[in-house]
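Now for the letters of each chain:
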Amino acid sequence: MPRKSTRLTFAVLATGAGVFSMLQSLIAPALPTVQHALHTSQSTATWVMTAYLLSASVFTPILGRVGDLTGKKRTLVAVLLTVLAGCLLAALAPSIGVLIVARVVQGVGGALFPLSFGIVRDEFAPAEVPGRIGSLSAVIAAGGGVGMVAAGPIVSALDYRWLFWIPVAVVAVTALIALRYVPESRNRAEGSVSWLGAALLSAWLVALLLPLSQAGTWGWTSLRTLGLFAAALVLFALWLATEARSRTPLIDLRVMRLPAVWTTNTAALLFGAGMYAIWSFLPGFVQTPSAAGYGFGASVTAAGLLMLPMLLAMFLSGVLSGRLQPVLGAKTQLTAGAALGALACGILAAWHDQQWQVGLAAGVFGFGIGLAFASMANLIVGSVPADQTGAATGMNANIRTIGGSLGTSVTGVLVTGHLQPSGLPYASGYTHGFALLAVLCLAAAAAALLVPAARAGGRTRTAPAVPADADRLLPVAERDDSAAPVSGS
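Residues numbered from 1 in each chain as written. Predicted model: local features only at pLDDT ≥ 70, side-chain atom pairs only at ≥ 80, totals over all residues. Heavy atoms only, no water.

A. Region of interest: the overall build of the chain. Scanning the chain from terminus to terminus reveals 19 helices and 0 strands. Over its C-alpha trace the chain gives a radius of gyration of 22 Å, about what one expects of a compact globule, namely 23 Å for 489 residues. Dimensions of the chain along its principal axes, counting C-alpha atoms only, are 75 × 45 × 45 Å. Taken across its 489 residues, the chain has 57% of its residues classed as buried. Pairs at least 24 residues apart make up 80% of the contacts formed inside the chain by residues separated by at least 6 positions. Carbon and sulfur atoms form 68% of the exposed surface of the chain, whose accessible area is close to 19400 Å². One finds the centroid of the 27 positive side-chain charges in the chain at a distance of 3 Å from the centroid of its 16 negative side-chain charges. (Helix = DSSP H or I, 4+ residues; strand = E, 2+ residues; numbered from the N terminus. Rg over C-alpha atoms; globule rule 2.2 N^0.38 Å. Buried < 20%, exposed > 50% of the residue type's maximum accessible area, 1.4 Å probe, protein only. Contact = heavy atoms within 4.5 Å. Areas by Shrake-Rupley, 256 points an atom, 1.4 Å probe, with all protein chains shown as cover. Lys, Arg positive; Asp, Glu negative; His and termini not counted. Charge placed at Lys NZ, Arg CZ, Asp CG, Glu CD.)

As structure tokens, this is what we get:
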């Protein structure tokens, strides 16, 4: 296939990233079924989600950087094959331990996000990149919604193992097509992987995210929780020192300090807190029996259908965002997306007695997610050099996940802090939780306002760099072509 035939390339990228995004949420509604089928406890079953989260957080930025260095297509195919192996192992898992290991393997697929964004930047004409990234972001965002909607019917009609058998078939075909038709990267970073940096990055991420995900079980003041938080702080400081001194850092900290990058990442942290918490707690809210004074007693399938407006809205807004960017700009879209998230959470805090109110709020939040996902990716891609695309977008996805863990944990404290005699949360817990999420999304909108204004050509304005090799920190389109050789020529 000629290099300029990019439709199939985009279809491969969208399918791979969409399947991984779907795997994030697909198993959550089925956890009670998994717990019963594999004869395990609820606390052990939650590790099916926790293991996936930790694995994805570790591998997303590391393999994004590996793709920058060794070739994005090569790394993409390897990641797809790894996800295929993880899905196959999960479908056949005879015990909860094997299933947890399978989820760790699946988590490697987190690298599909930065690799896909990097390939889009390499293979599409500059004028097409914002629209393609918007569409790809829409698929990624919608994938999580598809998982929530589809889990109930699949488990009811077939078995929870089909939540993995279906991705096995899809990922296998996607990997074969990627191997045959996706072109190899023309832009390569120089140097090698900083394995010390990778080890320290992995260590502080696990030390931070593990207590965030388990604090509800361990207790926020337990020795394990506080000890891991302290370890995360120390390891983070060591990682910063190591990366700052490395000649070939895993994550170039100078790139992370660019105004458009750190402001976008701040917005990602805050918006991720609201988004993941809504995904985690809204289905539980609608499934609560009305005898509790709220909720609708919805089944898993019905709860998924109530999330359908969110799924449709996030896909629609993600697709439209690429067309709107030349008119509105990515900064405006990110601000609007975060503001819509705040509005949706405000609606849920004030009005949640009728199903249509929940559906309306879900739709508004979905529209905000689509705008925010696409604009964050476009802001990062448009602000970093081509050979840093994988690492930078991988860190942005990671920061959003860290925010999600924080938001979910804090919201969980508010919702479950005081329980009724029946063991169900009080309505006030959800009200306070939704109000907090509204504040976090408003803070994300405020952070988005700090993103540097776009200049002609759609690129963000970056501050003058001090280092002598500062030209390497500029987007490829802004470098002096006379001073840099064209790779791959």
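B. Quick peek at the environment of Phe-271. Take Phe-271: it is sitting in helix α13 (residues 259-287). Phe-271 sits 130 residues away from Thr-401 along the chain, and the two C-alpha atoms are 9.9 Å apart. If sequence neighbours within four positions are ignored, Phe-271 has contacts with Gly-337, Ala-338, Phe-365, Gly-368, Ile-369, Ala-372, Met-376, Cys-441 and Ala-444.

C. Inspection of the nonpolar core at higher detail. Formed by 150 residues in total, the largest nonpolar core has its most connected members in Phe-271, Phe-365 and Ile-369. Top element by residues in this core is α13. It accounts for 14 residues. (Core = buried A, V, L, I, M, F, W, Y, C linked by side-chain atoms within 4.5 Å.)

D. Spotlight on unusual backbone geometry. Residues other than glycine seldom take positive phi values, yet His-39 does so here, at roughly 55°. The exposure class assigned to His-39 is exposed, which follows from its relative accessible area of 72%.

E. Local environment of the environment of Thr-335. One can find Thr-335 in helix α16 (residues 330-350). Residue classification places Thr-335 among the buried positions, given a relative accessible area of 16%. Here the alpha-carbon distance between Thr-335 and Leu-238, two residues 97 residues apart in the chain, equals 34 Å. Ignoring any residue separated from it by four or fewer positions in sequence, one finds Thr-335 in contact with Ala-445, Ala-448 and Leu-449.

F. How the structure looks around a nonpolar patch on the surface. There is a patch of nonpolar side chains on the surface, built from Leu-316, Leu-320, Leu-324, Val-327, Leu-328 and Phe-367 and spanning about 500 Å² of accessible area. Ranked by residues supplied to the nonpolar patch, first place goes to helix α15 (residues 308-328) with 5 residues. Examined against the element boundaries, Val-327 turns out to sit in helix α15. We classify Val-327 as exposed; its relative accessible area is 69%. (Patch = residues over 30% accessible without salt bridge, like charges linked within 9 Å, V, L, I, M, F, W, Y side chains within 5 Å. Salt bridge = Lys/Arg side-chain N within 4 Å of Asp/Glu carboxyl O.)

G. Focus on the confidence of the model for the chain. Per-residue pLDDT for the chain averages 84, and the proportion of residues at 70 or more is 92%. Under a pLDDT of 50 for its full length, residues 461-489 has, in the predicted model, 44 contacts with residues more than four places off or in other chains. (pLDDT = per-residue confidence, 0-100.)

H. Just the packing of aromatic side chains, in detail. Going through the model one piece at a time under the given rule, you end up with 15 aromatic pairs. With 4.9 Å between their ring centres and 75° between their planes, Trp-204 and Phe-236 make a pair best called edge-to-face. Taken as a pair, Trp-204 in helix α10 (residues 195-218) and Phe-236 in helix α11 (residues 223-245) lie far apart in primary sequence, 32 residues in all. Counting every residue linked through ring pairs, the aromatic cluster contains Phe-285, Tyr-294, Phe-296, Tyr-430 and Phe-434. The lysine or arginine in question, Arg-132, covers the ring of Phe-10, its NZ or CZ lying 5.1 Å from the ring centre. A cation sits over an aromatic face here: Arg-400 above Phe-373, 4.2 Å from the ring centre. (Phe/Tyr/Trp six-rings, centres within 6.5 Å; stacked < 30°, edge-to-face > 60°. Lys NZ or Arg CZ within 6 Å of the ring centre and 35° of its normal.)

I. Focus on the packing of α13 against helix α17 (residues 355-381). Interaxial distance between α13 and α17 falls to 11 Å at its minimum, and their mutual angle equals 155°. Classified by the interaxial angle, the pair formed by α13 and α17 is roughly antiparallel. In the crossing of α13 with α17, the sense of the turn from one axis to the other is left-handed. Of the residues in α17, those touching α13 at Val-261, Thr-264, Asn-265, Ala-268, Phe-271, Gly-274, Met-275, Ile-278, Trp-279, Leu-282, Phe-285 and Val-286 are Val-358, Phe-365, Gly-368, Ile-369, Ala-372, Phe-373, Met-376, Leu-379 and Ile-380. A class-by-class count of the residues in the contact of α13 with α17 yields 17 nonpolar, 4 polar and no charged. (Axes fitted to C-alpha atoms, helices over the stretch in contact; angles between N-to-C directions. Parallel < 35°, antiparallel > 145°, perpendicular 65-115°, else oblique. Left-handed = near helix turned anticlockwise from the far one by under 90°. Nonpolar A, V, L, I, M, F, W, Y, C, P; charged D, E, K, R; others polar.)

J. Seen up close, the packing of helix α4 (residues 47-70) against α10. Remark: α4 packs on α10, axes separated minimally by 10 Å, with the N-to-C direction vectors making an angle of 150°. With respect to α10, the element α4 is oriented roughly antiparallel. In this structure, α4 crosses over α10, and the sense of that crossing is right-handed. Residues Trp-47, Thr-50, Leu-54, Ser-57, Val-58, Pro-61 and Ile-62 of α4 form the contact with α10, whose own contacting residues are Ala-198, Leu-201, Ser-202, Leu-205, Val-206, Leu-209, Leu-210, Ser-213 and Gln-214.

K. Molecular detail of α10. Residue Leu-212 marks the point of greatest curvature in α10, where the axis turns by about 40°. With its phi angle positive at about 100°, Gly-219 sits one or two positions after the end of α10. (Bend = angle between axes of the 7 residues up to and from the residue.)

L. Looking closely at the pattern of salt bridges. Using the criterion set out here, one finds 3 salt bridges in the structure. Put simply, Arg-132 and Glu-128 hold a salt bridge, and the shortest N to O gap is 3.8 Å. We classify Glu-128 as partly exposed; its relative accessible area is 36%.

M. Structural context of the state of the cysteines. Considering all chains together, one arrives at 0 disulfides under this definition. Distance from the sulfur of Cys-441, which forms no disulfide, to the nearest cysteine sulfur (Cys-345) is 4.6 Å. (Disulfide = S-S within 2.5 Å.)

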